[in-house]
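In case you want the letters, here they are:
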Amino acid sequence: MNETHPDQQLDALLARARAHRPDTSAVEYAFETRLMARLRADRATDCIWTKVSWRMIPFFATCALALALWHMQITSETDEAAQIAYTENPDTVEAWDTLN
């Protein structure tokens, strides 16, 4: 069997991998140009609905915020009405709570 330590074997393999430098000059040539051409081609084939939906995000966010504020207002008015009803007729409110 091989009596070298596993860490030494791993270190030797990593040293060999570092020593071997692949030629990447062909991949680096005009990388930005090829990338931008690919992005333009992908953008040209996008569906009209994806473009519209991305542009409508601010509108939908505003609607969601308005609905949240409206819900908070309705909830606070309902809580106030329940408190007033309880102070005026505690027996009726308790009977209604047992039904729900």
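Structure: see above.
Residues numbered from 1 in each chain as written. Predicted model: local features only at pLDDT ≥ 70, side-chain atom pairs only at ≥ 80, totals over all residues. Heavy atoms only, no water.

Peer 1: Just to check I follow, could you spell out the overall build of the chain for this structure?
Peer 2: Tallying secondary structure elements over the chain gives six helices and zero strands in all. Ordered by position from N to C terminus, the α and β elements of the chain give α-α-α-α-α-α. Of all 100 residues assigned to the chain, the portion counted as buried reaches 1%. For the chain, the accessible area works out to roughly 9700 Å², and carbon and sulfur atoms hold 64% of it. (Helix = DSSP H or I, 4+ residues; strand = E, 2+ residues; numbered from the N terminus. Buried < 20%, exposed > 50% of the residue type's maximum accessible area, 1.4 Å probe, protein only. Areas by Shrake-Rupley, 256 points an atom, 1.4 Å probe, with all protein chains shown as cover.)

Peer 1: Quick question: what am I supposed to make of the packing of aromatic side chains here?
Peer 2: The final tally for this structure, using the stated rule, is one aromatic pair. Between F59 and F60, the aromatic rings sit 5.6 Å apart at their centres with planes inclined by 55°, giving tilted as the arrangement. (Phe/Tyr/Trp six-rings, centres within 6.5 Å; stacked < 30°, edge-to-face > 60°.)

Peer 1: Explain a positive patch on the surface to me, please; I cannot follow it from the model alone.
Peer 2: Among the surface-exposed residues, R40, R43, K51 and R55 lie close enough to one another that they form a single positively charged patch. Breaking the positive patch down by element, the ones donating at least two residues are helix 3 (31–44) and helix 4 (48–55). For R55, the position within the fold is in helix 4. Overall, R55 belongs to the exposed group, its relative accessible area being 67%. (Patch = residues over 30% accessible without salt bridge, like charges linked within 9 Å, V, L, I, M, F, W, Y side chains within 5 Å. Salt bridge = Lys/Arg side-chain N within 4 Å of Asp/Glu carboxyl O. Lys, Arg positive; Asp, Glu negative; His and termini not counted. Charge placed at Lys NZ, Arg CZ, Asp CG, Glu CD.)

Peer 1: Help me out: how do you make sense of the pattern of salt bridges in this one?
Peer 2: Where charged atoms from two side chains of opposite charge come close, those side chains can pair. Across all of its chains, the model carries one salt bridge by this definition. Two residues, D42 and R38, come together in a salt bridge whose shortest N-O distance is 3.8 Å. You can see D42 and its partner R38 sitting in helix 3, four residues apart, about one turn around the helix. Looking at D42, the relative accessible area reads 38%, which means it is partly exposed. Its relative accessible area of 58% is what places R38 among the exposed residues.

Peer 1: What exactly am I supposed to notice about the environment of K51 here?
Peer 2: With respect to the helices and strands, K51 occurs in helix 4. Setting aside chain neighbours within four positions, we find K51 in contact with R43 and D46. (Contact = heavy atoms within 4.5 Å.)

Peer 1: Mind showing me how you'd approach unusual backbone geometry here?
Peer 2: With the exception of glycine, the majority of residues adopt a negative phi angle, and the majority of peptide bonds are in the trans configuration. At A30, a position not held by glycine, the phi torsion is positive, near 55°. With respect to the helices, strands and loops of the structure, A30 is situated in the loop between helix 2 (25–28) and helix 3.

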